[in-house]
Amino acid sequence: MSTYTVRDVLRYSGPSKSLRLLYVCGRSSGAPKQTKVDALCLLRESLVNDTLNVHMYKATFARGKEIEDDVVDAADQRCPVDEDWVRETTEKASTQLRLLESNLQHSKTTLQKSHILSTYRSLAAHHLSAGSTVDALKCYLRSRDFVGGVSEMGTMCLDVVTTSVHLRNYQHVAGYCTKFERTGDMKDVVVEAKIKCCKGLALMSEGKYREAGSCFAYLPPATVLGDHFSSVLLADDVALYGSLLCLATMPRSTLSSLTSSPSFKSYLSLLPHASDALTSFCKCKYGPCLASISAMRDRMLYDAHLGPHAAKLIGMVREKCVVSYFGPYSDCRLSSIAETVGITVDEAEEVCARLARSGDLRARLDLRAGVLREVGGGSKPGRKARDLAEDFLVQSEATMMRMSLLKAGFLG
């Protein structure tokens, strides 16, 4: 059973925490009503305690919008609107904005690049806290002209990339990841790891699961990233994303090397279910593999980045398990597939039929007998096994014939 709850989202910081809570109470299809209500109340509390984001706070009370009306009604009973906070925070944000804009104008008159760059970053941080993410991105982009060195260029790229992730502007993410790889400080392993994580998120959003999995699987050790990137993701998220993406798209040989990789193992140690899923698949224990994935299902569905892809990726892993299990056989009972993979017979029938139609499984279903039978020479492992058996028989017969000829004296 999964022990992941919506309160675990509080481990994140900045816009990521608000956006993840908003995803759970709004767009997450797998969350029950009570979980959505809890997420909405936590979102309101987080906005009041940690941000200046009055706009999002008001939006959490709106009807007929992103959040279901009955969820809003239930949350209103527990955490009603705080009009005093709205008024005071609006005034506070306005005052801070005027001060920062004044500082920026003063910095520009001094013509000192370092002061201008620092002020742009302070102004961007204010916009992020106030929920004006587009304005924050504009500030980071304008700071490009005042970057003084390779290290500052890397920091600027990271700022643009992380802000673009919050906006789900993944084209911008990809562009500035490439820019960093060309001109950033590649010696700063922390910045490089963060950039690579954002690149993985962008690739996952585009459905490029294998490439995304590589980004998460080949990061520096978890001690490098730690929880220093909680504004986007955590170290155990790397284990979650990397394990599921790699399981769905990579061959067993690659997965086996990942389970023995010291760097990726440091992430897997933070999420035992992910480690168990990879290890079980490599050992051909498909039922335990899918059980470990099922134990992380809530976390997957509540995740703002992985949630939209979770069902598809889990389905890909299930299909991969079925194909791998059937590989050595010429025919197999559906009940045996279901028992080994850990699904029902009906689910096994549905998966096998879909794989047969797509051509991923060279077999046909005999529904009357409840058997899956190979066609067209069967799978590659099955063909290889038969070829080896035929070669053995030919060689054995040749050896026996030679021994008989030698015994009869026909050969010298």
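Residues numbered from 1 in each chain as written. Predicted model: local features only at pLDDT ≥ 70, side-chain atom pairs only at ≥ 80, totals over all residues. Heavy atoms only, no water.

1. A look at the overall build of the protein
And step 1. For the protein, the helix and strand inventory stands at 22 helices and 3 strands.
And step 2. Relative to the 2.2 N^0.38 estimate, which gives 22 Å for 412 residues, the radius of gyration of the protein is 28 Å and therefore markedly larger than a compact globule would have.
And step 3. Principal-axis analysis of the C-alpha atoms gives the protein an extent of 110 × 55 × 30 Å.
And step 4. Considering the protein as a whole, with its 412 residues, one finds that 47% of them fall into the buried category.
And step 5. Accessible area for the protein stands at about 20,300 Å²; split by element, carbon and sulfur atoms hold 53% of it.
And step 6. Taking the 52 positively charged and 46 negatively charged side chains of the protein as two groups, their mean positions are separated by 5 Å. (Helix = DSSP H or I, 4+ residues; strand = E, 2+ residues; numbered from the N terminus. Rg over C-alpha atoms; globule rule 2.2 N^0.38 Å. Buried < 20%, exposed > 50% of the residue type's maximum accessible area, 1.4 Å probe, protein only. Areas by Shrake-Rupley, 256 points an atom, 1.4 Å probe, with all protein chains shown as cover. Lys, Arg positive; Asp, Glu negative; His and termini not counted. Charge placed at Lys NZ, Arg CZ, Asp CG, Glu CD.)

2. Section: the pattern of salt bridges
And step 1. Under the criterion given, the structure shown has 15 salt bridges.
And step 2. Across the salt bridge formed by Lys-17 and Asp-50, the nearest N and O atoms sit 2.8 Å from each other. Of this pair, Lys-17 sits in helix α1 (residues 14-26) while Asp-50 sits in helix α2 (residues 33-50); the two residues are 33 residues apart in sequence, bridging distant segments of the chain.
And step 3. Looking at Lys-17, the relative accessible area reads 10%, which means it is buried.
And step 4. Given a relative accessible area of 48%, Asp-50 falls into the partly exposed group.
And step 5. A salt bridge links Arg-87 to Asp-84, with the nearest nitrogen and oxygen atoms 3.1 Å apart. With Arg-87 and Asp-84 both in helix α5 (residues 83-110) and 3 residues apart, the pair spans about one turn of that helix.
And step 6. Using a relative accessible area of 43% as the deciding quantity, one classes Asp-84 as partly exposed.
And step 7. Three or more residues joined by partner-sharing salt bridges are found here, namely Arg-11, Asp-236, Asp-237 and Arg-299. (Salt bridge = Lys/Arg side-chain N within 4 Å of Asp/Glu carboxyl O.)

3. Comments concerning the sheet that holds strand β1 (residues 331-333)
Backbone-to-backbone hydrogen bonds pair the strands of a sheet. The strands run either parallel or antiparallel.
And step 1. What the 3 strands build is an open sheet, ordered β1-β3-β2; its pairing is antiparallel. Bordering the open sheet on either side are β1 and β2 (363-366), each of which pairs with just one other strand. Across the sheet, the mean angle from the axis of one strand to that of its neighbour is 20 degrees, orientation sign disregarded.
And step 2. Against the sheet, helix α20 (residues 334-341) makes contact with β1, β2 and β3 (371-374), and its axis sits at roughly 70 degrees relative to β1, the strand it touches most. (Pairing = 2+ DSSP bridges. Axes fitted to C-alpha atoms, helices over the stretch in contact; angles between N-to-C directions. Contact = heavy atoms within 4.5 Å.)

4. A short note on a negative patch on the surface
And step 1. On the surface, Asp-82, Glu-83, Glu-88 and Glu-91 cluster together into a patch of negative charge.
And step 2. Mapped onto the secondary structure, Glu-88 falls in helix α5. (Patch = residues over 30% accessible without salt bridge, like charges linked within 9 Å, V, L, I, M, F, W, Y side chains within 5 Å.)

5. Thoughts on the pairing of β3
And step 1. Both β1 and β3 contribute to a ladder of 3 bridges, which runs antiparallel. Note that in β3 the partner of Arg-333 across the bridge is Val-371.
And step 2. Bridge count for β2 against β3 is 4 bridges, and the pairing is antiparallel. Looking at the pairing, Asp-366 lines up with Val-371 of β3.
And step 3. Between β2 and the antiparallel strand that follows it, β3, lie 4 residues; Gly-370 among them carries a positive phi value of about 65 degrees.

6. Looking at the packing of α20 against helix α21 (residues 345-358)
And step 1. In the contact formed by α20 and α21, the axes pass within 8 Å of each other and the chain directions differ by 105 degrees. In terms of axis orientation, α20 runs roughly perpendicular to α21. Contacts from Leu-334, Ser-335, Ile-337 and Ala-338 in α20 reach Val-345, Ala-348, Glu-349 and Cys-352 in α21.
And step 2. Among the residues forming the contact of α20 with α21, the class breakdown is 6 nonpolar, 1 polar and 1 charged. (Parallel < 35°, antiparallel > 145°, perpendicular 65-115°, else oblique. Nonpolar A, V, L, I, M, F, W, Y, C, P; charged D, E, K, R; others polar.)

In short, geometric facts, not functional conclusions.
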